[in-house]
Amino acid sequence: MTRSKSIARTPKAQVVDFVLKELDAAATDLPVNTAYKESDRGRITKGAAIALKARVLLYESRWQDVATTCEKLMNDNSNGTYSLFPSYEGLFLPQNEYNSEVILDLEFVPDVKTYSNFFDMAPLAVGARLNALAPTQELVDSYLMENGKKITDAGSGYDENNPYVNRDPRLTYTVVYNGYKWKKPDNSVQVIYTKPGDDPGATKPDEYAPGKVSSPTAYYTRKYYDPSSAVNFQSALNLILIRYADVLLMYAEAKNELGQMDAGVWDKTIKALRARAGFTDAPALNFNATGQADLRNIVRNERRVELAMEGLRVFDIRRWHTAETVLNGWAHGAKFGPASVDNGYIRANLRTFDKGKNYLWPIPRDERAVDPNLTQNPGW
């Protein structure tokens, strides 16, 4: 097949239209999730096509279409049967694979197709080799208090010297911090120490130390820990690509952008997610209309903490056009650094984001050499 060297770039709207039509066609032909027998679990379903369509529409800010598409999974069982799994922690454990929340996942099979991703995220004390994906202080700070207040709110009860107490329960199921009680495969508990000087042991493998192999932020990742892989870290745990919680969050965002966020929408989305997470205080659960702009911040933050470390944040801050703020300046770690610098919070990584170019990726040089009509994106 001869490749044309004169094809111009296809307009974005045309590409999006093609993708949406393909997803509609696929959804028409695909079976629902309950139609597959056990040996076929993990295959693409009608619900997966619909959920992916909702995500495409979300990235295009087509709010009414997002809401309508999400409702096909929320209100119509003919497209599949989905619901929130009762336990946020349990959602990511191997014994609960293929649960009611999973819409699309990447399948792995023990001894046939495995991965060692967690080898780069877990605390060194439990067998990891290094830390290449570390949660930041900014992520940790985004988790609410159990009473529903932000840590910066008056009367929140936040204690900077005891920062992980009375927080959104999802924090403990996502991020490993100093003094964390790590549950081992045999159900025994191992305390993880990340603050210099706190570890009573001789090796002190997890203590933060600049330039060492310990986490650059003094935080590690807890989500997606597969206890069965603790010996060699060859995990066979499926990685969830789309789950029902994401559908609820897409729906909440769309309804707010349409000016239609009310108690009914809140209860089906944000309240449902927080209740599943373990919130019990009424102020954290109940709808209190604060205006569209404030609700936008609430929904966006809920998306951040619910889906933390699941690979969606980078696309969210790009479509919200907040990356120029979020990705400029220092990413921080725990308060284990010099008190004179950023109030003691570790300077982990200096990031830069040029809003004039970085919202688009460059067109590869080799591709443009083959076809000059592809042109280059602005700023590159």
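Residues numbered from 1 in each chain as written. Predicted model: local features only at pLDDT ≥ 70, side-chain atom pairs only at ≥ 80, totals over all residues. Heavy atoms only, no water.

Asker: Pulling in residues and values, what's your account of the pattern of salt bridges?
Answerer: Tallied over the entire structure, the rule returns 26 salt bridges. Glutamate 306 is the partner of arginine 170 in a salt bridge, and the nearest nitrogen-oxygen pair spans 2.8 Å. Of this pair, arginine 170 sits in helix α5 (residues 170-174) while glutamate 306 sits in helix α10 (residues 292-306), and the two are 136 residues apart along the sequence. Exposure class is identical for arginine 170 and glutamate 306. Each is buried. One salt bridge connects glutamate 253 with arginine 319, and the closest N-O pair in it is separated by 2.8 Å. With glutamate 253 in helix α6 (residues 244-257) and arginine 319 in helix α11 (residues 313-319), the pair connects residues that are 66 residues apart, well separated along the chain. One salt-bridge network, held together by shared partners, links Glu101, Asp168, Arg170, Lys223, Arg243, Arg274, Arg276, Glu302, Glu306 and Glu310. (Salt bridge = Lys/Arg side-chain N within 4 Å of Asp/Glu carboxyl O. Helix = DSSP H or I, 4+ residues; strand = E, 2+ residues; numbered from the N terminus. Buried < 20%, exposed > 50% of the residue type's maximum accessible area, 1.4 Å probe, protein only.)

Asker: An account of the pairing of strand β6 (residues 239-243) is needed here, citing residue identities and associated values.
Answerer: On a regular strand, each side chain points to the face opposite its neighbour's, so the side chains alternate between the two faces of the sheet. The element β6 is extensively covered by neighbouring structure, given that four of its five residues are classed as buried. Pairing between strand β1 (residues 102-106) and β6: four bridges, direction antiparallel. Counterpart to valine 102 in the pairing with β6 is arginine 243. (Pairing = 2+ DSSP bridges.)

Asker: How would you explain the packing of helix α2 (residues 46-59) against α6 if you had to name every residue and give the values?
Answerer: Packing of α2 against α6 leaves a shortest axis separation of 11 Å and a crossing angle of 35 degrees. The two elements α2 and α6 meet at a crossing, and its hand is left-handed. Seen from α2, the contacting residues are Ala51, Ala54, Arg55 and Leu58; seen from α6, they are Asp246, Val247, Met250 and Glu253. Across the contact of α2 with α6, the residue classes tally to five nonpolar, no polar and three charged. (Axes fitted to C-alpha atoms, helices over the stretch in contact; angles between N-to-C directions. Left-handed = near helix turned anticlockwise from the far one by under 90°. Contact = heavy atoms within 4.5 Å. Nonpolar A, V, L, I, M, F, W, Y, C, P; charged D, E, K, R; others polar.)

Asker: Go over the nonpolar core, please, and point to the residues and values.
Answerer: Counting 41 residues, the largest nonpolar core has Cys70, Ile103, Tyr244 and Val247 as its most contacted members. Among the secondary structure elements, those contributing two or more residues to this core are α1 (12-29), α2, α3 (63-74), β1, α6, α7 (263-268), α8 (270-277) and α10. Ranked by residues supplied to this core, first place goes to α6 with nine residues. Sequence-distant contacts of isoleucine 103, that is, excluding residues within four places in its chain, are made with Thr45, Gly47, Ala48, Ala51, Leu73, Tyr82, Ile242, Arg243, Tyr244 and Val247. Counting 29 residues, the second-largest nonpolar core is a separate cluster that includes Leu124, Tyr143, Trp182 and Ala334. (Core = buried A, V, L, I, M, F, W, Y, C linked by side-chain atoms within 4.5 Å.)

Asker: Before we move on, can you summarise the packing of aromatic side chains with the specific residues and values?
Answerer: Taken as a whole, this structure holds ten aromatic pairs when the rule is applied. With a centroid separation of 6.3 Å and 25 degrees between ring planes, the pair formed by tyrosine 59 and phenylalanine 315 is classed as stacked. Note that tyrosine 59 is positioned in helix α2 and phenylalanine 315 in helix α11, a separation of 256 residues in sequence. For phenylalanine 315, a relative accessible area of 35% translates into the label partly exposed. The structure contains a cluster of three or more aromatic residues connected by ring pairs, namely Tyr164, Tyr177, Tyr180, Trp182, Tyr219 and Tyr225. Over the ring of tryptophan 182 we find arginine 222; its NZ or CZ atom is 5.6 Å from the centre of that ring. Over the aromatic face of tryptophan 380 sits the side chain of lysine 357, whose NZ or CZ is 3.9 Å from the ring centroid. (Phe/Tyr/Trp six-rings, centres within 6.5 Å; stacked < 30°, edge-to-face > 60°. Lys NZ or Arg CZ within 6 Å of the ring centre and 35° of its normal.)

Asker: Hey, could you go over the environment of proline 362 for me, with residue numbers and the actual values?
Answerer: By the secondary structure assignment, proline 362 is in the loop between β8 (347-351) and α13 (365-370). Proline 362 sits 22 residues away from serine 340 along the chain, and the two C-alpha atoms are 39 Å apart. Among residues more than four places away in sequence, those in contact with proline 362 are Gln376 and Trp380.

Asker: Before we move on, can you summarise the packing of α2 against α3 with the specific residues and values?
Answerer: The axes of two packed helices give the description: the angle between them and the distance between them. Their axes nearest at 9 Å, the elements α2 and α3 cross at an angle of 160 degrees. As far as their axial angle goes, α3 and α2 are roughly antiparallel. Seen from above, α2 lies across α3 with left-handed handedness. The residues of α3 that touch α2, namely those facing Gly47, Ile50, Ala51, Lys53, Ala54, Leu57 and Leu58, are Trp63, Asp65, Val66, Thr69, Cys70, Lys72 and Leu73. Its residues placed into classes, the contact of α2 with α3 shows nine nonpolar, two polar and three charged. (Parallel < 35°, antiparallel > 145°, perpendicular 65-115°, else oblique.)

Asker: Which residues make up α8, and what are the values?
Answerer: Along α8, the positions that sit buried rather than exposed are Ile270, Leu273, Arg274, Arg276 and Ala277. Within α8, the buried residues cover an arc of 160 degrees as seen down the axis, which keeps them to one side. Buried residues along α8 sit in contact with α5, β6, α6, α7, α9 (282-285) and α10. Positioned one or two residues after α8, glycine 278 has a phi angle of 125 degrees, which is positive. (Arc of directions from axis to C-beta.)

Asker: So what about the side chain of aspartate 206? Which residues, and what values?
Answerer: You can see aspartate 206 is positioned in the loop between β4 (189-192) and β5 (220-221). Salt bridges are absent for the buried aspartate 206, whose nearest opposite-charge side chain, lysine 184, sits at 11 Å. For aspartate 206, the side chain forms a polar contact with the main-chain nitrogen of leucine 124, separated by 2.6 Å. What aspartate 206 contacts, discounting residues up to four positions off in sequence, is Pro123, Leu124, Ala125, Ile192, Tyr193, Thr194, Ser214 and Tyr220. (Lys, Arg positive; Asp, Glu negative; His and termini not counted. Polar contact = N/O pair within 3.5 Å; in protein donor to acceptor, adjacent residues only side chain to side chain.)

Asker: Just give me the short version of the environment of alanine 48, but keep the residues and values in it.
Answerer: Counting through the fold element by element, alanine 48 comes out in helix α2. Excluding anything up to four places from it in sequence, alanine 48 contacts Tyr82, Ile103, Leu104 and Ile242.

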